[in-house]
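A structural walkthrough
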Amino acid sequence: MPLTPLDIHNKEFTRGFRGYDEDEVNEFLDQVIKDYELVIREKKELTEKVTQLTERLGHFTNIEETLNKSILIAQETAEEVRGNATKESKLIIKEAEKNADRIINEALSKSRRISMDTEELKKQAKVFRTRLRMLVQAQLEMLGTDDWEDLFESEIGEELELVDNES
């Protein structure tokens, strides 16, 4: 067990015939006690400081571990988000390609229907034109016949006869 300042202070030396000067020994012991008390105080302060620094070190070590874990979690989350974004973009592209194919197929189908309808309308227009031409030609032929002259003369002649008969 180490000495305490009290142990040094209470230490009694045996007296001999021609021993040391008691005052000189007591002064020296007083100086040793003061120095020893100072050393003990410094040791206690340093021990407390070491304890505080150890606690702070533990605190900062915990913070470091927490930050490292947070960084790892953030990296994992970023990778997960990146992966999900990649998957989602691929799905969007596939959906867009499907829609584009569908739209193109619908447009081609409509184009074919319109082309067929146009051809049908051309045929109907040709038929109508031919019929109209035949009708107009028939009407022109009717106008060109002498039947019209006979019709006009017979009506005029009949009207004149009626007028003469009445007078």
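Now for a look at the structure at hand. (Residues numbered from 1 in each chain as written. Predicted model: local features only at pLDDT ≥ 70, side-chain atom pairs only at ≥ 80, totals over all residues. Heavy atoms only, no water.)

**Concerning the overall build of the protein**
Helices and strands together make up the secondary structure of the protein, namely three helices and zero strands. Start at the N end of the protein and walk to the C end: the helices and strands fall as α-α-α. Evaluated residue by residue, the protein yields a buried proportion of 2% over its 167 residues. Element-wise, carbon and sulfur atoms account for 58% of the exposed surface of the protein, whose accessible area totals about 16100 Å². (Helix = DSSP H or I, 4+ residues; strand = E, 2+ residues; numbered from the N terminus. Buried < 20%, exposed > 50% of the residue type's maximum accessible area, 1.4 Å probe, protein only. Areas by Shrake-Rupley, 256 points an atom, 1.4 Å probe, with all protein chains shown as cover.)

**Quick word on the pattern of salt bridges**
Under the definition given, this model contains three salt bridges. The closest approach of N and O atoms between Arg 102 and Glu 106, which form a salt bridge, is 3.2 Å. Here Glu 106 and Arg 102 lie together in helix 2 (residues 22-144), a separation of four residues that amounts to about one turn. When its relative accessible area of 40% is taken as the criterion, Arg 102 is described as partly exposed. (Salt bridge = Lys/Arg side-chain N within 4 Å of Asp/Glu carboxyl O.)

**Quick notes on a negative patch on the surface**
Side chains of Asp 21, Asp 23, Glu 24, Glu 27 and Asp 30 sit close together on the surface and give a patch of like negative charge. The residue Asp 23 is located in helix 2 in this model. (Patch = residues over 30% accessible without salt bridge, like charges linked within 9 Å, V, L, I, M, F, W, Y side chains within 5 Å. Lys, Arg positive; Asp, Glu negative; His and termini not counted. Charge placed at Lys NZ, Arg CZ, Asp CG, Glu CD.)

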